[in-house]
Amino acid sequence: MMEVSGSSNVCLREFGCEQSLLSRPDGSSSFVQGDTSVMAGVYGPAEVKVSKEVYDRAVLEVLIQPKVGLPSVRERSQEQCVRETCEASLLLSLHPRSSLTLILQVLHDDGSLLSCCLNAACMALMDAGLPMSCLFCGVTCAITAEGEIITDPTAAQEKESRALMTFAIDSTERKVMMSSTKGSFSVHELQQCIAVSQKASEKIFQFYRDSVKRRYSKTH
């Protein structure tokens, strides 16, 4: 794992999370990062259409609903990123010939939306009790014109950045499960952003643990 340089600011906005807030899905969560918030619902394992059926594993469908209007190319791209991450962590072979549906509703977007979607998705999958090989979290990094790395940027910071990257990090080995990049950056800057994201992921996984611990200490 690379060392994080002094110019990298591993500073995250305040988190908030709630699980089991919807009654109809098998698992649900809402995740808040600063002023960015996403609600997630997981349905399944359930019956799948014969045309979509896979004989040795479950089929995962991810839908992202924007705050207003219909889903666009941006949502389709984010759906693919979330689906790839979930498929890498879920033990889909335990539910052959079935379907899982993950629906993410954007409540407010003030930057780092894809990482917020990933975090909401992971908490919803945990709430549904689905078997997973590891947990995952999302971290977004922005590189300013001066070359400074900002973690969990706001929409204004994203707009002013020359590069934007989102990584999905796994909870066991802190490896990169998925990456989504935009803008111009060097190989060294990419490596620095990965190192910063791995460091930031420790705070997010600790938040996962604390929020789940709080939830179960209330119920028992």
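For the structure, check the block above.
This report concerns the structure included in the present document. Computed from a prediction, not measured in an experiment: that's the story for all the values here.

## Focus: the environment of proline 153
You can see proline 153 is positioned in the loop between strand S8 (149-151) and helix H3 (155-160). Look at proline 153 and you get buried, because its relative accessible area is 0%. Setting aside anything within four residues of it in sequence, one finds proline 153 in contact with Arg13, Asp110, Gly111, Ser112, Thr140, Cys141, Ala142, Glu158 and Leu164.

## Comments concerning the sheet that holds strand S6 (residues 99-108)
The pairing of strands in a sheet comes from backbone hydrogen bonds and takes either a parallel or an antiparallel form. Read from one edge of the open sheet, five strands run S2-S3-S4-S6-S5, paired in mixed fashion. In the strand order of this sheet, the two ends are held by strand S2 (15-19) and strand S5 (59-65), each with one partner. Across the sheet, the mean angle from the axis of one strand to that of its neighbour is 15 degrees, orientation sign disregarded. Bridge count for S5 against S6 is seven bridges, and the pairing is parallel. In the sheet register, leucine 60 faces S6, and the bridge partner there is leucine 100.

## With respect to unusual backbone geometry
In this structure, arginine 97 takes a positive phi of about 55 degrees despite not being glycine. Topologically, arginine 97 is positioned in the loop between helix H1 (73-89) and S6. A relative accessible area of 47% places arginine 97 in the partly exposed class.

## Observations concerning the pattern of salt bridges
Under the definition given, this model contains six salt bridges. For the salt bridge of aspartate 110 with arginine 13, the shortest nitrogen-to-oxygen distance reads 3.7 Å. Of this pair, aspartate 110 sits in the loop between S6 and helix H2 (113-128) while arginine 13 sits in the loop between strand S1 (8-9) and S2, and the two are 97 residues apart along the sequence. Each member of the pair aspartate 110 and arginine 13 is classed as buried. In this structure, arginine 74 and aspartate 109 form a salt bridge, with 3.3 Å as the shortest nitrogen-oxygen distance. Of this pair, arginine 74 sits in helix H1 while aspartate 109 sits in the loop between S6 and H2, and the two are 35 residues apart along the sequence. Connected through salt bridges with shared partners, the residues Arg13, Asp110 and Asp152 form a single ionic network.

## Quick notes on the side chain of glutamate 75
Relative to the helices and strands, glutamate 75 is located in helix H1. As a buried residue without a salt bridge, glutamate 75 has its nearest oppositely charged side chain in arginine 74, at a separation of 4.6 Å. At 2.7 Å, the side chain of glutamate 75 forms a polar contact with the side chain of serine 72. Setting aside chain neighbours within four positions, we find glutamate 75 in contact with Ile64, Pro66 and Leu70.

Thresholds, definitions, all that
- The written sequence of each chain sets the order in which its residues are numbered from 1.
- A pLDDT threshold of at least 70 governs which residues receive local features in this predicted model, and a stricter bar of 80 or more applies before side-chain atom pairs are shown or counted, although totals over entire chains, interfaces and linings include all residues.
- As a rule here, side-chain values cover all heavy atoms of the structure and leave hydrogens and water aside.
- Helix and strand definitions follow DSSP, with helices as H or I runs of at least four residues and strands as E runs of at least two, each counted in order from the N terminus.
- Think of it in three bands: with a 1.4 Å probe and only protein chains considered, a residue is buried below 20% of the maximum accessible area for its type, exposed above 50%, and partly exposed in between.
- Whether two residues are in contact is decided by their heavy atoms, any of which lying within 4.5 Å being enough.
- Only strands that DSSP links by at least two bridges are regarded as paired with each other.
- As a rule, the C-alpha atoms of each element are fitted with a line to give its axis, helices using only the stretch in contact, and angles between N-to-C directions run from 0 to 180 degrees.
- Between Lys or Arg on one side and Asp or Glu on the other, a salt bridge is scored when a side-chain nitrogen of the former is within 4 Å of a carboxyl oxygen of the latter.
- For the purpose of charge, His is not counted, nor are the chain termini; Lys and Arg are scored as positive and Asp and Glu as negative.
- Between N or O atoms, a polar contact is any pair within 3.5 Å; within protein, one atom must be a potential hydrogen donor and the other a potential acceptor, and residues adjacent in sequence are included only when both atoms are from side chains.

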